[in-house]
Amino acid sequence: MICAATDNQLSIEKSAPGRRGLHAKNPLRARADVPANLRRKTAPRLPELAELDVMRHYTRLSRLNFSVDTHFYPLGSCTMKYNPRFNEAAAALEGFAGLHPLAHDVCAQGTLELLHDLSARLTELCGLDAITLQPAAGAHSEFTGLLLAKAYFENKGETRTEIVVPDSAHGTNPATASMMGFTTVNIASKPDGRLDVAELKKHIGPKTAVLMLTVPNTLGIFESNIEEICRAVHEAGALVYMDGANLNALIGMVKPGDLGIDMMHLNFHKTFSTPHGGGGPGAGAIVCRKHLAPFLPVPTVKKEGSRYVSDFGDARSIGKVKAFFGNTGVLVKAYAYMLAHSAEELGDIARYSIINANYIRALLKEMYPSYSSEYCMHECVLTPGKDMLDKGLKTLDVAKGLIDRGFHAPTIYFPLIVHEAIMIEPTETESKETLDQFAAAMKDVHDSGVADPQALKDAPVTLPVKRLDEVQAARQPNLRW
Amino acid sequence: MSKPEELKYTKTHEYVHPGAEAVVGISDHAQHEMGDVVFVELPKVGQKLEKEKPCAVVESVKSAFDIYSPVSGEVTAVNAAVTGEPALLNQSPLENGWLFKIKPSNPAEADGLMDWNAYQEFVKQAAH
């Protein structure tokens, strides 16, 4: 039990006229220079609360949280690894945190050096040639990547209108293609989850701009035909974009550039241990080959003698996708994380994330069969066994049952190509003991569910809010309290 | 009311009731797999559709799904009732939950689709 459900009021409902916290002796007054016509006529409707009430309100809410700092969080394809506090300490250093974004290059040498070195390390890690650190997150990186492709083909005088995406892709891939005005061409996966190369070859040609491919794919399976895939796409004159969301499975072991891709994105909040949404702004990157480098957003950082300077490229650049150098505070965290690992240890991230996913898969195979009979990479896709399905128990029930047992639910119903998918990504940061406890909880969900299906259908019962009617909520959303 | 045997099916689980004004919807199997439908976006009357190109969206509690037109042609009517009451797709996919009507530009296209027996076999195969 996380917290008693005795207090579900909003702060505004707890408000009482005149209640307030301690005031400074000389309270700041509203600035007199705000023109009269712009001043509000009535006071804003804000809660009036004593400081203690506010403290208890937010402390209580924070205790209701499921987060990676409080619970194992095996959300597949999200890489919910622990965010080391060392990263935070680095980003909080006055020289980084206090730097004004408009500071002249001469006054920002430390930050520019960091961005330059981070760029060099990441291009090396990816086996590619050039990088932009401007994008604000993964999907924004995809958008930037397709802008590069568009500029690349325009520069060559070619008009290509189609983006090819496998049906196992992250939803952001077709969404990005659509937002950019491309037509999405969907390719069915083979039963083993891999891209069907014969099918791909039928769908690529002079209209194809880019193949967007997630490696390893969303079933946690390595695209073992990647070299043949890249060759075929290149023969059609098109580009290969690797969705790097699953880089945790490859980092330090495989340089994606060696596989033949033209560009890829990085999610710093996944592979490089910076916080996910809510923990701060995001950051992403596009890493690419030489032929795409002239089109990268500006500025980038270059070294002239012993000085670091902003490089504004030339007219071929697509321009800016984010102010200044992007969310540099997040980049400092990613840099700290990289410095904390030797090259060998970066490879250990991939090795341990793969071992952990396969350990879970092996522990659960009797109760939750794996979609694929192969070893998986950093995540495994399971389904409820026949004994559960026969009793009307679904993946949703397993997810809710896990919450009662103190675990955040895995990703469910994704990838779409797997019926009743349960997608588990333990990451390298979890211990064997935690994985054993999780497997025991999954077993308990299975055993108690089969014995008493209704009890599992009622889960969760230990939270302030019980099983919600998701259908009703989606069909008739009530967006006001 | 359409009987499942009178319809033709696509690999992406749309059905079409062939005719001068063909009726398009999603199969009973598809609605079952999607789960509770919560939102439907339909094409516009007069819109020209191409076979196998996305033309509508059905969103369930699990995910959003593109609907691909089983045949090429011009949309002659849409079922406004399903946008107000998406549950019709679950309750009555072949009757009250139809999506749109289309005047096929090439009626022979429907001949290439699966009949009821072939579709049932296809669904069985897909489930391995």
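That block above? That's the structure.
Residues numbered from 1 in each chain as written. Chains lettered and ligands numbered in written order. Predicted model: local features only at pLDDT ≥ 70, side-chain atom pairs only at ≥ 80, totals over all residues.

S.K.: Can you lay out the overall build of chain B for me, pointing to particular residues and giving the numbers?
M.R.: The secondary structure content of chain B amounts to 4 helices and 9 strands. Reading chain B from its N terminus to its C terminus gives the helix and strand order β-β-β-α-β-β-β-β-β-α-α-β-α. By the compact-globule yardstick of 14 Å for 128 residues, chain B fits well, its C-alpha radius of gyration being 13 Å. Along the three orthogonal principal directions, the C-alpha set of chain B runs to about 35 × 35 × 25 Å. When each of the 128 residues of chain B is scored for burial, the buried share is 41%. Counted over contacts in chain B with a minimum sequence separation of 6, partners at least 24 positions apart contribute 62%. (Helix = DSSP H or I, 4+ residues; strand = E, 2+ residues; numbered from the N terminus. Rg over C-alpha atoms; globule rule 2.2 N^0.38 Å. Buried ≥ 20, exposed ≤ 12 C-beta atoms within 10 Å, placed from the backbone. Contact = placed C-beta atoms within 7 Å.)

S.K.: Break down the overall build of chain A for me, citing the residues and quoting the values.
M.R.: For chain A, the helix and strand inventory stands at 16 helices and 12 strands. Taken over the C-alpha trace, chain A has a radius of gyration of 25 Å; the compact-globule value for 481 residues is 23 Å, and the two agree within 12%. Expressed as lengths along the three principal axes of its C-alpha atoms, the size of chain A is roughly 70 × 70 × 45 Å. Across the 481 residues of chain A, 42% fall into the buried class. Sequence-distant contacts, at least 24 apart, represent 72% of the contacts inside chain A between residues at least 6 apart.

S.K.: So what's going on with helix H14 (residues 432-451) of chain A? Residues and values would help.
M.R.: All names here are of chain A. End to end, H14 covers 28 Å across 20 residues, agreeing with the expected 28 Å (1.5 Å per residue, within 8%). Buried within H14 are the following residues: Leu435, Phe438, Met442, Val445, His446 and Gly449. The buried side chains of H14 occupy one side of the element, clustering within an arc of 95° when seen end-on. Away from its buried face, by an angle of more than 90 degrees, H14 presents the exposed residues Lys432, Glu433, Ala440, Asp447 and Ala451. Elements in contact with the buried residues of H14: helix H11 (343-364), helix H12 (386-390), helix H13 (395-404) and helix H15 (453-457). (Expected span 1.5 Å × (residues − 1). Arc of directions from axis to C-beta.)

S.K.: Could you give an account of the pairing of strand S5 (residues 239-243) of chain A, with specific residues and numbers?
M.R.: Residue and element names in this part refer to chain A. For S5, the buried fraction is high: 5 of the 5 residues fall into the buried class. Across 5 bridges, the pairing between strand S4 (residues 208-214) and S5 is parallel. Note on S5: the bridge partner recorded for Thr214 is Asp243. Running through helix H9 (residues 226-235), the crossover from S4 to the neighbouring parallel element S5 is right-handed. The pairing of S5 with strand S6 (residues 263-267) spans 2 bridges and is classified as parallel. Counted as the bridge partner of Met242 is Met264 from S6. (Pairing = 2+ DSSP bridges. Right-handed = clockwise from strand over helix to strand, strands pointing away.)

S.K.: Account for the environment of Lys51 of chain B, with residues named and values stated.
M.R.: Along the chain, Lys51 of chain B falls in the loop between strand S5 (48-49) and strand S6 (54-60). Separated by 22 residues in the primary sequence, Lys51 of chain B and Gly73 of chain B have C-alpha atoms spaced 8.1 Å apart.

S.K.: Provide a residue-level description of the pairing of strand S2 (residues 14-17) of chain B, including the pertinent values.
M.R.: Residues and elements named next belong to chain B. With 2 bridges connecting them, strand S1 (residues 8-9) and S2 associate as antiparallel partners. Bridging across to S2, Tyr9 finds its partner in Tyr15. A loop of 4 residues connects S1 with S2, the two strands running antiparallel in sequence, and His13 in this loop sits at a positive phi of about 75°. Two successive antiparallel strands, S2 and strand S3 (residues 22-26), enclose a turn made up of 4 residues.

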